[in-house]
Amino acid sequence: LERLRRQGSDLKKYDKNSNIIATIHITSINVATGVGTEGKIQFVDMAASDVAPVPKKENFDINKSPDADDTHFSNKSIDAFNDVVNARCQFDRSVPYRNSTLTHLLRDSLEADAKVLLLCCVSTDQADLTDAIGTLRFASRIQKVSIGKATKHIVGSKE
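Described below are features of the structure shown in this document. (Residues numbered from 1 in each chain as written. Predicted model: local features only at pLDDT ≥ 70, side-chain atom pairs only at ≥ 80, totals over all residues. Heavy atoms only, no water.)

Regarding its fold elements, the protein presents four helices and three strands. Tracing the protein from N to C terminus, the helices and strands come up as α-β-β-α-α-α-β. When the 159 residues of the protein are sorted by exposure, 25% land in the buried category. For the protein, the computed accessible surface area is about 11,700 Å², with 52% contributed by carbon and sulfur atoms. (Helix = DSSP H or I, 4+ residues; strand = E, 2+ residues; numbered from the N terminus. Buried < 20%, exposed > 50% of the residue type's maximum accessible area, 1.4 Å probe, protein only. Areas by Shrake-Rupley, 256 points an atom, 1.4 Å probe, with all protein chains shown as cover.)

Shown next as structure tokens:
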């Protein structure tokens, strides 16, 4: 946001619920053989991925199964990401990657030959218990997604 402010951009256009995706493309070449490999690393900050408030008539049950599919996030792209995770966990043939820009951009990182690391930040404060449990349940579902085995992408050889 600091860069946008220096450029004179209207910061009101950028929502605090925006997600940030930083992609680093890496290519390495062995100088002796001329064989190279390529890959990419994506860092994703799912900002404001808070669980939407549960209506008062529903009681929050701490012992509820982590596979329960009634989680709704306040951010629509995170909710779409949750739909993708649920579809991948159930091995659906049709995975809704195009339901949001976030899931569309992360499609190649969520299938085939990728390695995924998920870091969840939770608060130990009693007031944040609902959000912390929701985050941990979401992480538990992500853990069950079968991505596949990461493979080496070779770009060329010296002949």
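So, about the environment of Ile41. Mapped onto the fold, Ile41 is located in strand S2 (residues 36-45). When its relative accessible area of 37% is taken as the criterion, Ile41 is described as partly exposed. Excluding residues that lie within four positions of it along the chain, Ile41 makes contacts with Ala22, Thr23, Ile24 and Ile26. (Contact = heavy atoms within 4.5 Å.)

Further remarks concern a nonpolar patch on the surface. Together, Ile24, Ile26, Ile41 and Phe43 give the surface a local cluster of nonpolar side chains, amounting to about 350 Å² of exposed area. Of all the secondary-structure elements, those providing two or more residues to the nonpolar patch are strand S1 (20-29) and S2. Here Ile26 lies in strand S1. Its relative accessible area of 38% is what places Ile26 among the partly exposed residues. (Patch = residues over 30% accessible without salt bridge, like charges linked within 9 Å, V, L, I, M, F, W, Y side chains within 5 Å. Salt bridge = Lys/Arg side-chain N within 4 Å of Asp/Glu carboxyl O.)

As a further point, take the pairing of S1. Here 10 bridges tie S1 to S2, and the two strands are oriented antiparallel to one another. Within S2, the residue paired with His25 across the bridge is Lys40. Connecting S1 to the next strand, S2, in antiparallel fashion are six residues, including Gly34 with a positive phi near 80 degrees. (Pairing = 2+ DSSP bridges.)

Here we come to helix H2 (residues 76-89). When the terminal C-alpha atoms of H2 are compared, their 20 Å separation across 14 residues agrees well with the 20 Å that a helix rising 1.5 Å per residue should span. Within the sequence span of H2, burial applies to Ser77, Ile78, Asp79, Ala80, Phe81, Asn82, Val84, Val85, Asn86, Ala87 and Arg88. On its buried face, H2 sits against helix H3 (101-105) and helix H4 (129-143). Directly beyond the C-terminal end of H2, a positive phi value near 55 degrees is found at Phe91. (Expected span 1.5 Å × (residues − 1).)

As far as function goes, none of this settles anything; it's purely spatial.
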